[in-house]
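The chain contents come next:
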Amino acid sequence: MNNYNPISALIIFFVIVALLFVFFRPIKGWFWILRKNFKNNEKTIIEDILKQLYHFENSGNKVDMKTLVQVLDYKNTRIVEAINKMTINDLIYFESDILKLSETGREYALRIVRVHRLWERYLADKTGFHKTEWHDRAEMMEHKLNHDETNTLAAHLGNPKFDPHGDPIPTKTGKVAQVNGVELPLLQVNTIGRITHIEDEPEVIYKQILAENIHIGSLIRVIENNNTRITFQSEGEEFKLAPIVAANLTVSPIEKEVVIEDNIARLSSLDEEETAKIIGISKESRGESRRRLLDLGFVKGAKISIDLMNPLGEPHAYLIKGTSIALRKDQAAKILIKKD
Amino acid sequence: METKVKSACDTCAHFNADGLKKLGIHTDNFDFVVALAGNPNTGKSTVFNALTGLRQHTGNWPGKTVTRAEGGFEYNTQKFKLVDLPGTYSLLSTSEDEEAARDFILFGKPNVTVIVVDANRLERNLNLVLQILEITDKAVLCLNLMDEAKRNNISIDERTLARDLGIPVVPTSARFNQGIPELIQTISEIANGTIICKPHRIKNVPDNIEKAVKTLAAEIEKEFPNIPNSRWIAFRLLEGDTQIINALKAGELV
Amino acid sequence: MNQKNIDNIIELSNELRWQIGDDFHDNLTEGIYADAADIVKDTVQVDHSKKRFRLDSKIDKIVTSKTFGFPIMFLILGTVLWLTIVGANYPSSLLANLLLDNIHPLLKSGAASIGMPWWLDGFLIDGVYLAVAWVIAVMLPPMAIFFPMFTLLEDFGYLPRVAFNLDSLFKKSGAHGKQALTMSMGFGCNAAGVVATRIIDSPRERLIAIITNNFSLCNGRWPTQILIATIFIGAVVPSSISSFVSLLAVIGIAVLGMAFMFTVSWALSKTVLKGEVSTFNLELPPYRPPRFWKTIYTSLIDRTLIVLWRAIVFAAPAGAVIWLISNIYIGNESIASWAISSMDGFGFLLGLNGVILLAYIVAIPANEIVIPTILMLTVMVTGISGGEGAGVMFELDSMNATGDVLRAGGWTLLTAINLMLFSLLHNPCSTTIYTIYKETKSAKWTIFASIMPVILGFVVTFLVAQFWRLFI
């Protein structure tokens, strides 16, 4: 304590705080970066290559070395090494310049895809992570789970058919459900359809779609479709998207004459003194939250009205099946109603 | 459903007041186990206290009883152990309360399950009732808070309700000890097998699910011929309930 | 039973489930409710002709109205707290008089008359008995007032309305409206507050409420805050407003605690807890007149006595430890004075001293004995007259005398302010830690909830001390 003075004490303190921040701040902290690099072993690279090839082949594109190096975020030498190893192990083969998956390679790739999509489904249903984080977390997880763990996870989730983006989850025998539908810009005006898939890459566009509050499973009706924009109506709201954004939405047109209810609204738009009937809960509410809402009686056909307005604006209390239950605005926005 | 279920009024005359002794928490050497289930805020704890003579705290607040409370009463020289389960809206989700309640009804194998419902909110409460009736066939519906219902001008046809549900229905106002003797009498009759229930099974299920459930339930019955709740197990398997899958593997469900 | 058949059944269920698709749960629940609606249609008649007066909705309109909702709420909660703190004074001093001033000497002379060796008499009577007596005297009266009042409000059905009114504030920090109640409960006792988090049925928000409950200034800490504020802060202002200013200082600390509660809740929900499941729903049950005496009885049994018993169980060994460290010597020094001198440096950095740090270490079991321990240790290390002897906790009748002892121990206004801050921001008492473990069943969260507040306390007191020395 001989040479104590408050200023030097403060300086030492702030230096320590700054160091801790540099090392451990989320994602960009040195500690995390080091850990991540340490874990990027050969297996990860091989699996990432397989997955990329699988996606390219599925969309009918051909891949050569150059494209592969561009899409993958590894050093070129490591990719070349991995590819050599994969050809020796018969996971892939070359057709002149083009890389192709062998039968074993395809199976392997499907397993990785299965883990990735199951994990996204797990994050969506059983955790509270925001949807912008699902993809990156699943990218890490897909290299970690082995065959048995994957099957346990699938059973735990009730063997789901689709991941939260609408992509089919391959079964353990390699069966893949069909995603119906076409890209939104290909639809005629006045077509009615259901959104079956939202592409989560590239991230910029995905985030834009999320910000618009568009979600899987909702019915839409195309109102306007031209080169500059596509307008459609869904869940009582009107959305306007640029064609490049709209192309990330897959919509399955509904052939049958369905009556798309014209005056569907969200519960959040219900006013005091109004009554309504519940049409359903939007697919955007999932996992535990969705179950709670259903258990509490927010089911199709139930009558609902506002019981109490909140002095601070939310949550409002709704009278449903004889009981007053308070819901926050974001929850109420996911319940679709038809006003009486 | 044309079973001859006694409605409350057929049974009330038989209550033998001298045969009743409230045992508080002394539940050694009991003859029967009775589970007490119900939604939060239905006065379940009040019913529990009325039956056992205990003074459990009864908060006006959903989700109060997380720890299981036990108590007992003696009726006609038979000892009944009463277990107060956490109040839940459903047994289908995965919260701690719901798991505790479900596990007790399923694995604790109570001789009788008393389902306490709020007469003012019958429709909402039936959600839980119908789920419980898929699991167990020895149950009685305790239609509580009848005094409030009367004030709210709600009248309930107890006979039809008993017939629809296939279990006895006893109207009570536990706060004022009304209907408790009839409830005790009914519990005793179910426990002793005098009343046989033929519980309601969920009907409004889409065809594709019903078909799947039938297929699966048939397979389960093939393996466990006397199982009372094959349909419910089928529901749970379709939901991917890991706990039930493991219990099935370990043979704990029979 | 054939294991292979069972595996086949499970395999079949997987296959069927895959065919049905992902709407199984929705369809099932809708089916059950449809059945319920069918049954109700046949059996329930509601007579709408008699227009009834809905008292419930009238009360609700008032207690959740824009004009009256908040004033009513602050009035009720303020009254409860005020009654608790003020109302507990008299029975507390009565109990202290009985247990500390009458029974304690009686026990001492009784022990002397049967020739009990001094170390056994010291260990049992000065150590264990005194700590237990202190905890009872300080803790029992406020809890016996607070819990029944709180339980009455709960049974009546008012508390869910408070959660309803305040939810949007708590939502902003990622928490649940019901945390308003567990927080208020924490003003009575943090352990009881942690138990009360059971009413929050969303995993993430419940953990937040458990971890941040310690920021509610509990009954064991109010007296410390009031005493120190009166002695040191009241002394720097004119005597005419001194009691008002010291009251303001205590309220300031409590409000600061709430600010920390909101900030830490927000930080937790954005970082370590963001992966936990989060749901929200709040049922507003109908009002039911509570049955007064029954409620009083059950709240005394269920809450007050259980919490008190736990506190006693933890306080008894603490008393023993306090006596032992002051009476066991290593070389020429008792363990206590050795520990104090080795922690003095660190204590100085934080604007505190070794005595305070040691008192907080040995008083982990109960915040109630912090001040008596500090007084005893101060007298011991300074060697001034007064006190009851090594290892014997004591309190002084007059605040002036207490202030004199503390000033003799080197206390300044900075020490007092930092003690008040540290009393707010330090680890929960061991009863609460134990309760957190029982409620979360997780060693990880228990350790986190125990350590995070102390680190915060170190940082805050450190910063205050440095800036104080720089500028004042």
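Quick caveat: nothing in here was measured; it's all calculated off a predicted structure. (Residues numbered from 1 in each chain as written. Chains lettered and ligands numbered in written order. Predicted model: local features only at pLDDT ≥ 70, side-chain atom pairs only at ≥ 80, totals over all residues. Heavy atoms only, no water.)

Digging into the overall build of chain A
Part 1 of the argument: Along chain A, the regular secondary structure elements total 12 helices and 15 strands.
Part 2 of the argument: The C-alpha extent of chain A, read off along each of the three principal axes, is 75 × 70 × 45 Å.
Part 3 of the argument: Considering chain A as a whole, with its 340 residues, one finds that 49% of them fall into the buried category.
Part 4 of the argument: Long-range contacts, defined as pairs at least 24 residues apart, comprise 62% of the intrachain contacts of chain A with a sequence gap of at least 6.
Part 5 of the argument: On chain A, roughly 17,500 Å² of surface is accessible, and the fraction owed to carbon and sulfur atoms is 54%.
Part 6 of the argument: Across chain A, the 46 positively charged side chains and the 47 negatively charged ones have centroids separated by 3 Å. (Helix = DSSP H or I, 4+ residues; strand = E, 2+ residues; numbered from the N terminus. Buried < 20%, exposed > 50% of the residue type's maximum accessible area, 1.4 Å probe, protein only. Contact = heavy atoms within 4.5 Å. Areas by Shrake-Rupley, 256 points an atom, 1.4 Å probe, with all protein chains shown as cover. Lys, Arg positive; Asp, Glu negative; His and termini not counted. Charge placed at Lys NZ, Arg CZ, Asp CG, Glu CD.)

Some points on the overall build of chain C
Part 1 of the argument: Secondary structure assignment for chain C yields 19 helices and four strands.
Part 2 of the argument: Based on the C-alpha atoms only, the size of chain C along its principal axes is roughly 85 × 65 × 55 Å.
Part 3 of the argument: By the burial criterion, 56% of the 472 residues in chain C qualify as buried.
Part 4 of the argument: The long-range share in chain C, meaning contacts at least 24 apart out of those at least 6 apart in sequence, stands at 77%.
Part 5 of the argument: Accessible surface, chain C: about 19,400 Å² in total, of which carbon and sulfur atoms supply 69%.
Part 6 of the argument: Positive and negative side-chain charges of chain C, numbering 31 and 32 respectively, have mean locations separated by a distance of 7 Å.

Some details on the packing of aromatic side chains
Residue and element names in this part refer to chain C.
Part 1 of the argument: One pass over the full model with this rule turns up 27 aromatic pairs over all chains.
Part 2 of the argument: Where Trp118 meets Trp323, the ring centres are 5.9 Å apart and the plane angle is 50°; that geometry is what we call tilted. Placement of Trp118 in helix H5 (residues 118-156) and of Trp323 in helix H12 (residues 292-327) is noted, with a sequence separation of 205 residues between them.
Part 3 of the argument: Overall, Trp118 belongs to the exposed group, its relative accessible area being 57%. (Phe/Tyr/Trp six-rings, centres within 6.5 Å; stacked < 30°, edge-to-face > 60°.)

Topic: the packing of helix H4 (residues 122-135) of chain B against helix H9 (residues 230-239) of chain B
All names here are of chain B.
Part 1 of the argument: Contact geometry of H4 with H9 gives a least axis separation of 7 Å together with a crossing angle of 110°. On the basis of the axis angle, H4 is roughly perpendicular to H9. Taking contact as the criterion, the partners of Gln131, Glu134 and Ile135 in H4 are, on H9, Arg231, Trp232 and Phe235.
Part 2 of the argument: Residue classes in the contact of H4 with H9 are distributed as three nonpolar, one polar and two charged. (Axes fitted to C-alpha atoms, helices over the stretch in contact; angles between N-to-C directions. Parallel < 35°, antiparallel > 145°, perpendicular 65-115°, else oblique. Nonpolar A, V, L, I, M, F, W, Y, C, P; charged D, E, K, R; others polar.)

Overview of the pattern of salt bridges
Pairs can form between side chains of opposite charge whenever their charged atoms are close.
Part 1 of the argument: Applying the stated criterion across every chain yields a total of 37 salt bridges over all chains.
Part 2 of the argument: Between Asp121(C) and Lys108(C) there is a salt bridge, with its nearest N and O atoms 3.2 Å apart. Placement of Asp121(C) in helix H5 and of Lys108(C) in helix H4 (residues 69-113) is noted, with a sequence separation of 13 residues between them.
Part 3 of the argument: A relative accessible area of 26% means that Lys108(C) is categorised as partly exposed.
Part 4 of the argument: Across the pair Glu439(C) and Arg206(C) runs a salt bridge, and its minimum N-O distance is 2.6 Å. Of this pair, Glu439(C) sits in helix H18 (residues 430-440) while Arg206(C) sits in helix H9 (residues 203-212), placing them 233 residues apart in sequence.
Part 5 of the argument: Its relative accessible area of 14% is what places Arg206(C) among the buried residues.
Part 6 of the argument: Three or more residues joined by partner-sharing salt bridges are found here, namely Arg102(B), Asp103(B), Arg236(B) and Asp241(B). (Salt bridge = Lys/Arg side-chain N within 4 Å of Asp/Glu carboxyl O.)

Quick notes on the sheet that holds strand S1 (residues 63-64) of chain A
Residue and element names in this part refer to chain A.
Part 1 of the argument: Taken together, the three strands give an open sheet; going across it, the order is S1-S3-S2, and neighbouring strands pair in antiparallel fashion. Whereas interior strands pair on both sides, the edge strands pair on one side only; in this sheet they are S1 and strand S2 (92-95).
Part 2 of the argument: Bridge count between S2 and strand S3 (residues 98-101): four bridges; the pairing is antiparallel. Directly across from Tyr93, in S3, lies its bridge partner Lys100.
Part 3 of the argument: Strand contacts of helix H3 (residues 42-58): S1, S2 and S3, with the helix running at about 100° to S3, the strand carrying the most contacts. (Pairing = 2+ DSSP bridges.)

What about the interface of chain B and chain C?
Part 1 of the argument: On the chain C side, the residues contacting the 65 residues of chain B number 61 residues.
Part 2 of the argument: When the two sides are added together, the surface that chain B and chain C hide from each other amounts to roughly 5,700 Å², 60% of it contributed by carbon and sulfur.
Part 3 of the argument: Between Arg288(C) and Glu148(B) there is a salt bridge; the shortest N-O distance is 2.8 Å.
Part 4 of the argument: Applying the counting rule to chain B against chain C returns 13 residue pairs in polar contact (both at pLDDT 80 or more).
Part 5 of the argument: Of all the secondary structure elements, the ones that give two or more residues to the side of chain B that touches chain C are helix H2 (44-52), H4, helix H5 (146-151), strand S7 (154-156), helix H6 (158-165), helix H8 (207-223), H9 and helix H10 (242-250) of chain B.
Part 6 of the argument: At eight residues, the largest contribution of residues to the side of chain B that touches chain C is made by H8(B).
Part 7 of the argument: Split into classes, the residues belonging to the side of chain B that touches chain C amount to 26 nonpolar, 21 polar and 18 charged.
Part 8 of the argument: Pairing geometry for S7(B) and strand S1 (residues 44-46) of chain C, over three bridges, is antiparallel. (Buried area = accessible area lost by both parts, 1.4 Å probe. Polar contact = N/O pair within 3.5 Å; in protein donor to acceptor, adjacent residues only side chain to side chain.)

Quick word on the UniProt feature "transmembrane region" (unreviewed entry) in chain A
Part 1 of the argument: Mapped onto the present numbering, the UniProt feature "transmembrane region" (unreviewed entry) falls on residues 6-27 of chain A.
Part 2 of the argument: Within residues 6-27 of chain A, the helical portion is 86% and the strand portion 0%, while the C-alpha atoms at the span's ends are 34 Å from each other. (UniProt positions renumbered as here; feature names shortened; annotations may be inferred.)

Looking at the packing of helix H11 (residues 242-270) of chain C against helix H17 (residues 413-424) of chain C
Residue and element names in this part refer to chain C.
Part 1 of the argument: The interhelical angle for the contact between H11 and H17, taken along N-to-C directions, is 40°, at an axis separation of 10 Å. The pairing of H11 with H17 is recorded here as oblique in orientation. Every pair of crossing elements has a handedness; the one defined by H11 and H17 is right-handed. Here Ala249, Val250, Ile253, Leu256 and Gly257 of H11 lie close against H17, whose contacting residues are Met420, Leu421 and Leu424. (Left-handed = near helix turned anticlockwise from the far one by under 90°.)

Points about the pairing of strand S4 (residues 78-84) of chain B
Residue and element names in this part refer to chain B.
Part 1 of the argument: Burial analysis of S4 places six of its seven residues in the buried class, which makes it a mostly covered element.
Part 2 of the argument: With seven bridges connecting them, strand S3 (residues 69-75) and S4 associate as antiparallel partners. Bridged to Phe73 within S4 is Phe80.
Part 3 of the argument: Linking S3 back to S4 in an antiparallel pair, the connection comprises two residues, with Asn76 at a positive phi of about 50°.

Considerations on helix H6 (residues 103-126) of chain A
Part 1 of the argument: Taking 1.5 Å per residue, 24 residues should reach 34 Å; H6(A) reaches 34 Å between its end C-alpha atoms and fits that length.
Part 2 of the argument: Counting buried positions over the 24 residues of H6(A) gives 17, a clear majority of the element. (Expected span 1.5 Å × (residues − 1).)

Section: helix H14 (residues 354-362) of chain C
All names here are of chain C.
Part 1 of the argument: Burial analysis of H14 places eight of its nine residues in the buried class, which makes it a mostly covered element.
Part 2 of the argument: Inspection of H14 places Gly354, Val355, Ile356, Leu357, Leu358, Ala359, Tyr360 and Val362 among the buried residues, and these make up the whole buried set.
Part 3 of the argument: Looking at the packing, one finds that the buried side of H14 touches H12, helix H13 (335-349), helix H15 (370-382) and H17.
Part 4 of the argument: Looking at where H14 begins, the residue whose side-chain oxygen comes 3.1 Å from the main-chain nitrogen of Val355 is Asn353.

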